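This is what each chain is made of:
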Amino acid sequence: MENYLDLLNEPQRKAVEATEGPVMVIAGAGSGKTRVLTYRIAHLLNKGVDSFNILSLTFTNKAAKEMKERIANVVGHSEAKNLWMGTFHSVFARMLRVEAPLLGYPSDFTIYDQQDAVSVMSKIITEMNLDKDIYKPKQVLGRISQYKNNLITVRAYHNNQALIEADAEAMKPRMGDIYRAYVDRCFKSGAMDFDDLLLRTNEILTRFPEVLSKYQERFKYIMVDEYQDTNHSQYLIVKALASRYENICVVGDDAQSIYAFRGANIRNILSFKQDYPDAQLYPLEQNYRSSQNIVQAANTIIAHNQDQLEKNVWTSNEEGEKIAVYRALSDADEARYIASQIWERQISDHLQPKDFAILYRTNAQSRALEEALRKRGIKYRVFGGTSFYQRKEIKDMVGYMRLLINQNDEEALLRTINYPARGIGQTTISKLLVAADQHQSTLFNIVENISMYAPTIGINAGTSNKLNDFALLIKRFQVMLKTHDVYEVTMEMAKATGLLRTLKEDSTPEGISRLENVQELLNSIQGYVDEQKQLEDGDASLSGFLENIALATDADNTDEDDNQVNLMTVHLAKGLEFPVVFIAGLEENLFPSMMAVNTRAELEEERRLFYVALTRAEKVAYFTYSVSRFRWGKIIDCEPSRFLEEVDSNYLDWKNLHIPTQRNSNNSGLSADLFGDDNYSAPARYSSESREKSAARQNPNIRRATPTPPKANFKPVGETKSTSANTANH
Ligand code: ATP
Ligand code: MG
């Protein structure tokens, strides 16, 4: 067995060994917080604690999986097998499968994803005859999400005058009614959205003391990673579960709190000390991840924030290269530069594609980057964005699968009832919806008993037969599911519903790729079934499979091949590390985001995001920005991000700063290569001037360059040591 205690420094080891009582580790990026949690679990198991009694909450399911493998390597697979590890959502969805019937939900409840939720909300807003420009479905859902994550139920809302007034002032006086309708609708469909998974868990733990007691006994040891990003609802769950044994260990970094917009509450860190006054605190200060340059540059960034706990992060790693700053002329140019750097470094530094990450603020930025990587023939994968499970053909197929286990799932029913086309039109569907409403019944119930309802709701015999056939089709597979494995049933269903046939008929490249996707889904079902059958406590059920895919986070990329360049938003990069990191699009209104510069609090969250981005890098980091960018369908001028000015220039290496006189003259002063082959024509005027001038006031290298530029590529004042290396690099 590996002696894991030797793989820890002194404070880390103490945190690992302090298994009894409340423990909090608030420490900077790369200081080994996740490592402490991992070895702490191994240590518990090693001491003889049953894996059944350990609960560990991570930010992504992938992180949980990696942690579990690491632990299994230390203590053996059989010791680790019963560990409950995963995101809050997946862990408590699993618990709700058992307990949700207490609240009147079916145990096979459906999990509505954001797309389902938006669809339900749009219908409600239409039915209520409200203006969609005022009641924007996504916005309304965001507001409801806030209520739920603060445990404000429909009833609590209606008793809360302050909230009612706030919504009325925000021109949304009908919020309360919408909230009620939305909750009713989901409940009737036997469905929970993501926030419900936490809200209902809280409800059960509060209303049913014997259930609370059962889980308190079960989870004698609780661990939470990325604690700074838990919301109030999550905080309360953890608090309730831990209140009997108080063996709780939370680790996090206030400087990396980046989900306030989704209700994460940094006060949870402060509350921890109040909730457990005798909590043991272990500060970790040594960063093992990054070079000195990166650690120090990151320290100078976060120092600009007023709201932060004092921390001293240092590293004994080598000094490393300065952070290269590249000023591009267009997003295409930026992407080309990044691709070329990756290309060169693969050779010069013996790196593999997986050693690189390109981080950006918004998903839309990936397009140009992907194109440049493709042109170079560099393998890459994009996290987030439109995930596999959001594709139409996959959602259609999954719609049928959902209907099999929960026929009340209205979203699934509406998606499948006339796809593939079987002559059930919109008018018929509207009539069915009205009937369901009138009879206080579910949609499926009306369809199933259509012969009874048809005459009163004005549906003719032909249509009635079609509806009947549809209900029988679903019923048939529900029966088959009792005796056959999930793969056989779904395969058979894909054929019998006509779904495969419809896809096969489309021989366009898009059609072929849709068919391949469905095949891929079927393969993954097969894989899932096989995998689960091998596990002692495996769950090879259809609902198990559906739960897995509903809760796959954007960070849980399904791509098997992981030796690829990683493209993702900064939000998704939390907790990860890569030898080389590019932070692209460092421009005003992009990073920091335009939506987030109005208040200091918002700006500080953006700055923490920038801090998270930089601290992902182990050896080399790049900052890139462009003076123009294709956004919202046109080319716009951009200014460099204020964050670039905030980094101490001693840690930066400005690669190609073109000075204003050159910019205003013809473009011959610029390398022709920068324009590349995409017929980019530089805008006549760069509005980036003002920002660059102000940057020049702060950055000595810019100041020096402004009067008489020696050459386009220059170095900060006083820098001698790494000049040659940097030049060679360029
Ligand atoms: P973040 O705040 O980004 O989540 P973290 O504090 O969780 O970071 P880890 O990911 O646990 O940090 O550790 C960062 C890196 O340093 C990892 O590669 C880890 O293996 C390594 N590391 C941590 N502690 C030690 C140690 N004592 N000896 C050697 N390597 C270590
Ligand atoms: Mg971590």
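Our subject is the structure that appears above.
Values in this document were obtained by computation on a predicted structure and should not be read as measured data.

## Quick word on unusual backbone geometry
Item 1. Omega for the bond connecting tyrosine 419 with proline 420 falls within 30 degrees of zero, at -5°, which places this linkage in the cis form.
Item 2. Following the sequence through the fold, proline 420 ends up in the loop between helix 19 (410–416) and helix 20 (426–438).
Item 3. Geometrically, the link from phenylalanine 591 to proline 592 is a cis peptide bond, its omega value of 10° lying close to zero.
Item 4. Inspection of the secondary structure assignment puts proline 592 in the loop between strand 13 (578–583) and helix 28 (600–614).
Item 5. Of note, histidine 350 is a non-glycine position whose phi angle comes to about 55°, a positive value.
Item 6. When you line up the elements, histidine 350 lands in the loop between helix 16 (331–348) and strand 10 (356–360).
Item 7. Overall, histidine 350 belongs to the exposed group, with 8 C-beta atoms counted inside 10 Å.
Item 8. Unlike most non-glycine residues, asparagine 589 shows phi in positive territory, near 70°.

## A look at the sheet that holds strand 14 (residues 617–626)
Item 1. If you walk across this open sheet you meet the seven strands as 11-12-10-13-14-9-17, and the pairing is parallel. Of all strands in the sheet, those with a lone pairing partner are strand 11 (380–382) and strand 17 (652–654), marking the two edges. Here the average twist between neighbouring strands, direction ignored, is 20°.
Item 2. Pairing of strand 9 (residues 323–328) with strand 14 involves five bridges; the strand directions are parallel.

## Overview of the site of ligand 1
Item 1. Of all residues adjacent to ligand 1, which total 18 residues, the nearest are Gly32, Lys33, Thr34, Arg35 and Tyr288.
Item 2. The element contributing the most residues to the shell around ligand 1 is helix 2 (residues 33–46), with three residues.
Item 3. Residue composition of the shell around ligand 1, by class: four nonpolar, nine polar and five charged.

## What about the environment of threonine 442?
Item 1. Mapping threonine 442 onto the fold places it in the loop between helix 20 and helix 21 (443–448).
Item 2. The spacing of threonine 442 and glutamate 410 is 32 residues in sequence and 7.9 Å in space, taken between C-alpha atoms.
Item 3. Filtering out sequence-adjacent residues up to four positions away, threonine 442 remains in contact with Lys188, Asn408 and Ala436.

## Some details on the packing of helix 7 (residues 137–149) against helix 10 (residues 175–188)
Item 1. Remark: helix 7 packs on helix 10, axes separated minimally by 11 Å, with the N-to-C direction vectors making an angle of 80°. With respect to their mutual orientation, helix 7 and helix 10 come out roughly perpendicular. From helix 7, Val140, Arg143, Ile144 and Tyr147 reach across to helix 10, where they touch Met175, Ile178, Tyr179 and Tyr182.

## Some words on the sheet that holds strand 1 (residues 23–26)
Item 1. Taken together, six strands build an open sheet; the order of strands is 3-2-6-7-1-8 and the sheet is parallel. This sheet does not close on itself; its edge strands, each paired only once, are strand 3 (84–86) and strand 8 (280–281).
Item 2. Summarising the sheet, strand 1 and strand 7 (residues 248–252) pair through four bridges and their orientation is parallel. For valine 23, the partnering residue across the bridge sits in strand 7 and is cysteine 249.

## Thoughts on the pairing of strand 10
Item 1. The buried count for strand 10 comes to five of five residues, which makes it a mostly enclosed element.
Item 2. Residue alternation in strand 10 divides its side chains into two sets, Phe356, Ile358 and Tyr360 and Ala357 and Leu359, and both sets are buried.
Item 3. As paired strands, strand 10 and strand 12 (residues 565–569) are joined by four bridges and run parallel to one another. Along strand 12, the bridge assignment pairs tyrosine 360 with threonine 569.

Thresholds, definitions, all that
Residues numbered from 1 in each chain as written. Chains lettered and ligands numbered in written order. Predicted model: local features only at pLDDT ≥ 70, side-chain atom pairs only at ≥ 80, totals over all residues. Helix = DSSP H or I, 4+ residues; strand = E, 2+ residues; numbered from the N terminus. Buried ≥ 20, exposed ≤ 12 C-beta atoms within 10 Å, placed from the backbone. Pairing = 2+ DSSP bridges. Axes fitted to C-alpha atoms, helices over the stretch in contact; angles between N-to-C directions. Near = placed C-beta within 6 Å. Nonpolar A, V, L, I, M, F, W, Y, C, P; charged D, E, K, R; others polar. Contact = placed C-beta atoms within 7 Å. Parallel < 35°, antiparallel > 145°, perpendicular 65-115°, else oblique.

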